[in-house]
Every structure is written in C-alpha cells, then in structure tokens.
Amino acid sequence: MSGHSKWSTIKHKKGAADKKRAKIFTKLIKEITVAARMGGGDPGANPRLRHAIDTAKAQNMPKDNVDRAIKKGTGDMDGVNYEEIIYEGYGPGGVAVMVECLTDNKNRTIADVRYIFNKAGGNVGTDGCVAWMFDKKGVITISKENADEDTLMEVAIDAGAEDIKDEGDSFDVLTAPEDFDAVKDAIDGAQISCEVAEISMVPQNTTAVSGKEAEQMIAFMEALDDNDDIQNFYTNADIPDEAFDAM
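Cut-offs and rules
Residues numbered from 1 in each chain as written. Predicted model: local features only at pLDDT ≥ 70, side-chain atom pairs only at ≥ 80, totals over all residues. Heavy atoms only, no water. UniProt positions renumbered as here; feature names shortened; annotations may be inferred. Helix = DSSP H or I, 4+ residues; strand = E, 2+ residues; numbered from the N terminus. Expected span 1.5 Å × (residues − 1). Buried < 20%, exposed > 50% of the residue type's maximum accessible area, 1.4 Å probe, protein only. Arc of directions from axis to C-beta. Contact = heavy atoms within 4.5 Å. Polar contact = N/O pair within 3.5 Å; in protein donor to acceptor, adjacent residues only side chain to side chain. Core = buried A, V, L, I, M, F, W, Y, C linked by side-chain atoms within 4.5 Å. Disulfide = S-S within 2.5 Å. Domains from an automatic or database assignment. Buried area = accessible area lost by both parts, 1.4 Å probe. Salt bridge = Lys/Arg side-chain N within 4 Å of Asp/Glu carboxyl O. Nonpolar A, V, L, I, M, F, W, Y, C, P; charged D, E, K, R; others polar. Lys, Arg positive; Asp, Glu negative; His and termini not counted.

The chain goes by Probable transcriptional regulatory protein DO021_03220 in an unreviewed UniProt entry, where it is assigned to Desulfobacter hydrogenophilus. What UniProt states about the chain under its Sequence similarities (unreviewed entry) heading is, verbatim, "Belongs to the TACO1 family." Under the Subcellular location (unreviewed entry) heading, UniProt states for the chain: "Cytoplasm".

Shown next as structure tokens:
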C-alpha cells in the first residue's frame, strides 16, 4: 500500500480522538473557501465543493463553519484570498512526493516546505520532476468488515469504477475523477460504509522503504500533515504496516 493511502486511513480511524481537530478544521475551511470561489457556492453544481463539505461533515465540523467558508469563497463575506501551489520533490529513500498547498503567503510556504523536505533528508525538485509518476484518480477505501469483494465489485464496477485493489484489511476502489461522485453515491446507496473517499494522486509504481527510512518517512509525513498551508501530499513510498503500527 502506498504511504499516502495508509496515512489517509489512519487519520480517518483516529477521528474524533484526534487532538489536531482544530488544524483539520483550518484546512477544510480553506478548501471549502477556494472551492466556492472557483466553482460557486452550490455543491450540487460544484463537485469540488460537494466533496469538501462531505469531508467536513465526516469530521463533524459545525454547519455554521461550513456556511461561513462558502460565503467567504463566493464574496458574500470578507475572507482571505488563497493561492493554490503544488511542490514536487524527493523524500527519504528517494521516494517521489507531491505537496498541494493553499496559502496567502507563498514565500512563507515554500520556506516551510523546503525546511520539512531538507530535515527529512529529501529535497524539493523542479516542476514536473515527479508528477509524471502519478495519475489523478478517485480513491474510495472500504474495510473488509463492511463489504465482501463480490458485492463491492458488482456495485462499484456497475457504477463506473475502473478497478478494485485488495489492500490487506481493506479494498481501494479506483475511479476516473469524473466518475468519482457516481461511484461514491452507488456505494453509499448500497449502505457500504467508506473509510476514506477522496480525489487523489495515485502512484503508477511504488518504492519500498523499510527500517530507518520507513521511520523517517512517517516522521516526514507527520511534518507535512502538521503544516497549516499543506492541504494534501502524495507519495509513492511503500511502507510496511508494522512501521505504522509503531506510531
């Protein structure tokens, strides 16, 4: 399993017990604001906004917070103008990493990103240096406790999913970005509970890291996740489950 997929599942399972809830809310508010600014305030006509709102609901964000973020994005309330930036580079063991940021201060953000990469023994690269290694996909992660493969295959493939991958204790349903909502709606309609549902950058191939490098990679991902300007990150690191179990 790629490092990003495992990390997303772990964050979901931590759920309400996560002490970083305020930080999660800050990132979600940014995403809702930008989504509303770019595509309008109607989630029915704005898939990015709909997904951001669904994620906020899953994190139990108060409705008032969501509504204010939408109004800031549509200009009905004063708000900060965030810029979207993607940085690419290499982490511990030479793994490929993509970092998506929303920031109101580009100089601060790039300085922070460079520091996080350098501290982990990696480096920020040039635009396009690793993007070619990833494909944009919808990813829906479902615990094997919530669905068997045959049922999930029937529901997801019929709705337009591209593939279903066995990830040990869960399945990853992969979709084209434009088919993500239809597949997610079909899975929800079948009353199959999802652990994670997101548009992601899926690596075409993974790079195995173990031992010290696996520990460094997890610390690196924690640092990326802890930065307010970093919305998402993606990696082709293949990290053994036991490294995460030690967290």
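### Brief notes about helix H5 (residues 106-119)
With 14 residues, H5 should reach 20 Å at 1.5 Å per residue; the first-to-last C-alpha distance of 20 Å fits that figure. Considered for burial, the residues of H5 that qualify are Thr109, Ile110, Val113, Ile116 and Phe117. Looking straight down H5, one finds its buried side chains confined to an arc of 125°; they lie on one side. Residues of H5 that are exposed and point over 90 degrees away from its buried face: Asn107, Tyr115 and Lys119. Considering only its buried residues, H5 is in contact with strand S1 (83-90), strand S2 (96-103), strand S3 (123-124), helix H8 (211-226) and strand S9 (230-235). Where H5 begins, the side chain of Asn105 points an oxygen toward the backbone nitrogen of Asn107, at a separation of 3.3 Å.

### Observations concerning the nonpolar core
Within the largest apolar cluster, 25 residues are counted, with the highest numbers of intra-cluster contacts made by Val97, Val99, Phe117, Met217, Phe220, Leu224 and Ile239. Looking at this core, the elements with two or more residues in it are S1, S2, H5, H8, S9 and helix H9 (241-245). With sequence-adjacent residues up to four places away left out, Met217 is seen in contact with Pro92, Val95, Val97, Thr235, Ala237 and Ile239. Ranked by size, the runner-up nonpolar core spans 16 residues in total, among them Ala147, Ala161, Ile164 and Phe180.

### Re the side chain of Thr33
Positionally, Thr33 belongs in helix H2 (residues 21-39). In this structure Thr33 comes out as buried when scored by relative accessible area, which is 6%. Within the local environment of Thr33, its side chain forms a polar contact with the backbone oxygen of Ala69, the two atoms lying 3.3 Å apart. The contacts of Thr33, once residues within four sequence positions are left out, are Ala69, Lys72 and Gly73.

### Section: the state of the cysteines
All chains considered together, the criterion is met by 0 disulfides. Of all cysteine sulfurs in the structure, the one in Cys129 sits closest to Cys101, which takes part in no disulfide; the separation is 14 Å. We classify Cys129 as buried; its relative accessible area is 13%.

### Describing the domain arrangement of the chain
Partitioning the chain into domains gives domain 1 (15-74), domain 2 (83-132 + 205-246) and domain 3 (134-203). Each of domain 1 and domain 2 has a C-alpha centre, and these two points are 24 Å apart. If you look at the interface, domain 1 gives 8 residues, while domain 2 gives 10 residues. In this assembly, domain 1 packs against domain 2 so that about 850 Å² is buried in total across both faces, 37% of it on carbon and sulfur atoms. Run the count over domain 1 and domain 2 and you get 3 salt bridges. In this structure, the salt-bridge partner of Asp228 is Lys23, at a minimum N-O distance of 3.0 Å. Ranked by the residues each element gives to the side of domain 1 that touches domain 2, the list is headed by H2, at 6 residues. A per-class count over the side of domain 1 that touches domain 2 returns 2 nonpolar, no polar and 6 charged.

### Focus: the side chain of Lys27
Turning to its location among the elements, Lys27 is positioned in helix H2. One buried charged residue, Lys27, forms no salt bridge at all, with the nearest opposite charge on Asp225 at 4.1 Å. At a separation of 2.6 Å, a polar atom in the side chain of Lys27 contacts the main-chain carbonyl oxygen of Asp225. Lys27 has contacts with Leu224, Asp225, Asp226, Asn227, Asp228, Ile230 and Gln231, leaving out every residue within four places of it along the chain.

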